[in-house]
Amino acid sequence: MSPASTGASTIVGAVPSLPSVPASSAPASDSRMTPGGPGYRRMSFALFLAGVATFALLYSTQALLPLISGDFGVAASQASWTVAAATGGLALFVLPMSALSERYGRRTVMTASLGVAVGVGLLVPFAPSLGALVVLRAVQGAALAGLPASATAYLAEEVRPKALVTAIGLFVAGNSVGGMSGRVITGWVAQEWGWRVAVGAIGVLAVACAIAFRLLLPAPRHFKAGSLAPRVLVGTVRAHLADPLLCRLYAIGALFMTVFGGVYTVIGYRLTEAPFSLPQGIVGSIFLVYLVGTVSASTAGRLVGRLGRRGALYLAGGTTAAGLLVSLADSLVPVLLGLVLITAGFFAGHAVASSAVSRTATTGRAQASALYQSAYYIGASAGSTVGAIAFHAGGWAGTVGVGVLAVLGVVTITVFGTRAARRQTLVAAH
């Protein structure tokens, strides 16, 4: 039986070598893109820019939460809803949007989604109240839902399998650059002109990314339109949820994002308070550590090639946990080191898990990716909300406690997958 049919092996390194290969080593009949081949660079850069715009818009308020709290006179747990609403909207709508991409095409849905999200982003600076801001952010998140699942499905269809981890890693790297640039830009702009001008600047950045994305992304050559019939969609989703491997990957994505969402929602409050008392611009610059995530995500393919997916996930979880514990220190240098480790571990784990979903699903790839993205952003919403509540109740140690529990969940699920693979190997041997 194949790994996908047994539901036991993809996450534990059943595919020993996943790095990209030269075009000459692939079958001549395979017209899909490969590194160095026609259209690959344009495609990679286009999706990189889509990733930049997605994360810049999605988390445009995260570094500004202390200022939003002060402007509207609300606590951290209330202001955090400007982040949770966006990620929650994405989580709720990613599956319906993936169904539209199966019918109307990946590029069409990605273009429309990014266009609507950019339009809403230009309205966000004019929100008259916290409630209105939360509603606009929810709509923006729902619009962005057309991008993540459609992008990974596009890559799975248009890129040769052995180059898939690397290609998805570049898309995830774009996420990290978007998250970083959005937070750094908003930090410094907000220090001078306030949070409203800052989120407006992110909207303008996203407009430029959206235009370049549409001009650069090659037309799909291997897309086959599917059905929008609810019965077909329900059957596809049910089949994916019945796959033990896919369910483990969904849970891993959610748990990794719980850590990341909690840490980066709360870190601005921690660094603007004693003993650090940093100004908003400096706090925004802290997010330059996202560059570490860019590197770790883009090299995920090589990491899997050396350690296998199981080893890569263990390493990502261990790195994240180490970062959480180091960040407990009341000194800026260890806190920064902790953020570096958390960011590197998170982006590596996310790239490995999301690419495993795309490789495992042989049909209904957009729905499989959508379920992963839904779980992932549910984790983001949970992390930002629970992390803020834990910070309010127990300070930074409370947020770290939530993160450590989530990492333990990742390790436990990976161990379970490892044992399932070993049992299946023994059964096959007999």
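This text follows the structure it describes.
For the structure given in this document, a descriptive report is provided here.

Notes on the pattern of salt bridges
Here comes step 1: Under the defined criterion, the tally for this structure stands at 4 salt bridges.
Here comes step 2: Its salt-bridge partner being Asp71, residue Arg196 comes within 3.8 Å of it at the nearest N-O pair. Of the two residues, Arg196 sits in helix H10 (residues 195-216) while Asp71 sits in helix H3 (residues 65-72), which places them 125 residues apart along the sequence.
Here comes step 3: Look at Arg196 and you get partly exposed, because its relative accessible area is 27%.
Here comes step 4: Here Glu102 makes a salt bridge to Arg106, at a shortest N to O gap of 3.4 Å.

What to know about helix H17 (residues 365-394)
Here comes step 1: Its 30 residues give H17 an end-to-end C-alpha distance of 42 Å, which sits within 8% of 44 Å, the value for a rise of 1.5 Å per residue.
Here comes step 2: Of all the 30 residues making up H17, 22 are buried; the element is thus mostly covered by neighbouring parts of the structure.
Here comes step 3: Gly395 sits one or two positions beyond H17 and adopts a positive phi of about 70°.

Observations regarding unusual backbone geometry
Here comes step 1: Of the consecutive residues Ala274 and Pro275, the connecting peptide bond is found in the cis state with omega at 10°.
Here comes step 2: Among the secondary structure elements, Pro275 is positioned in the loop between helix H12 (244-272) and helix H13 (280-285).
Here comes step 3: If you check the backbone angles, Ser277 has positive phi at about 50° while not being a glycine.
Here comes step 4: Turning to its location among the elements, Ser277 is positioned in the loop between H12 and H13.
Here comes step 5: Residue Ser277 is classed as partly exposed on the basis of its relative accessible area of 49%.

Digging into the environment of Ala79
Here comes step 1: Looking at the secondary structure, you find Ala79 in helix H4 (residues 76-79).
Here comes step 2: Each C-alpha atom of the pair Ala79 and Arg309 lies 37 Å from the other, and the pair is 230 residues apart in sequence.
Here comes step 3: Excluding its chain neighbours within four sequence positions, the residues that come into contact with Ala79 are Leu65, Ile68, Ser69, Val74 and Tyr269.

Focus: the nonpolar core
Here comes step 1: Within the largest apolar cluster, 127 residues are counted, with the highest numbers of intra-cluster contacts made by Met43, Leu47, Leu155, Met257, Tyr264 and Tyr377.
Here comes step 2: In terms of residue count, H12 provides more of this core than any other element does, 16 residues in total.
Here comes step 3: Those residues in contact with Tyr264 that lie beyond four places of it in its chain are Gln62, Phe287, Val289, Tyr290, Leu339 and Thr343.

Here's the deal with the packing of helix H2 (residues 40-58) against helix H7 (residues 130-144)
Here comes step 1: Where H2 meets H7, the axes come as close as 10 Å, and the angle between the chain directions of the two elements is 160°. By the criterion of interaxial angle, the relationship of H2 to H7 is roughly antiparallel. Where H2 crosses over H7, the handedness of that crossing is left-handed. Between H2 and H7, the contacting residues are Thr54, Leu57 and Leu58 on the first element and Arg137, Gln140, Gly141 and Leu144 on the second.

Quick notes on the environment of Ile389
Here comes step 1: With respect to the helices and strands, the residue Ile389 is situated in helix H17.
Here comes step 2: Its relative accessible area of 48% is what places Ile389 among the partly exposed residues.
Here comes step 3: Along the primary structure Ile389 and Ala75 are separated by 314 residues, whereas in three dimensions their C-alpha atoms are 10.0 Å apart.

Definitions and cut-offs
- Residues numbered from 1 in each chain as written.
- Predicted model: local features only at pLDDT ≥ 70, side-chain atom pairs only at ≥ 80, totals over all residues.
- Heavy atoms only, no water.
- Salt bridge = Lys/Arg side-chain N within 4 Å of Asp/Glu carboxyl O.
- Helix = DSSP H or I, 4+ residues; strand = E, 2+ residues; numbered from the N terminus.
- Buried < 20%, exposed > 50% of the residue type's maximum accessible area, 1.4 Å probe, protein only.
- Expected span 1.5 Å × (residues − 1).
- Contact = heavy atoms within 4.5 Å.
- Core = buried A, V, L, I, M, F, W, Y, C linked by side-chain atoms within 4.5 Å.
- Axes fitted to C-alpha atoms, helices over the stretch in contact; angles between N-to-C directions.
- Parallel < 35°, antiparallel > 145°, perpendicular 65-115°, else oblique.
- Left-handed = near helix turned anticlockwise from the far one by under 90°.

Function cannot be read off these values alone, since they describe shape.
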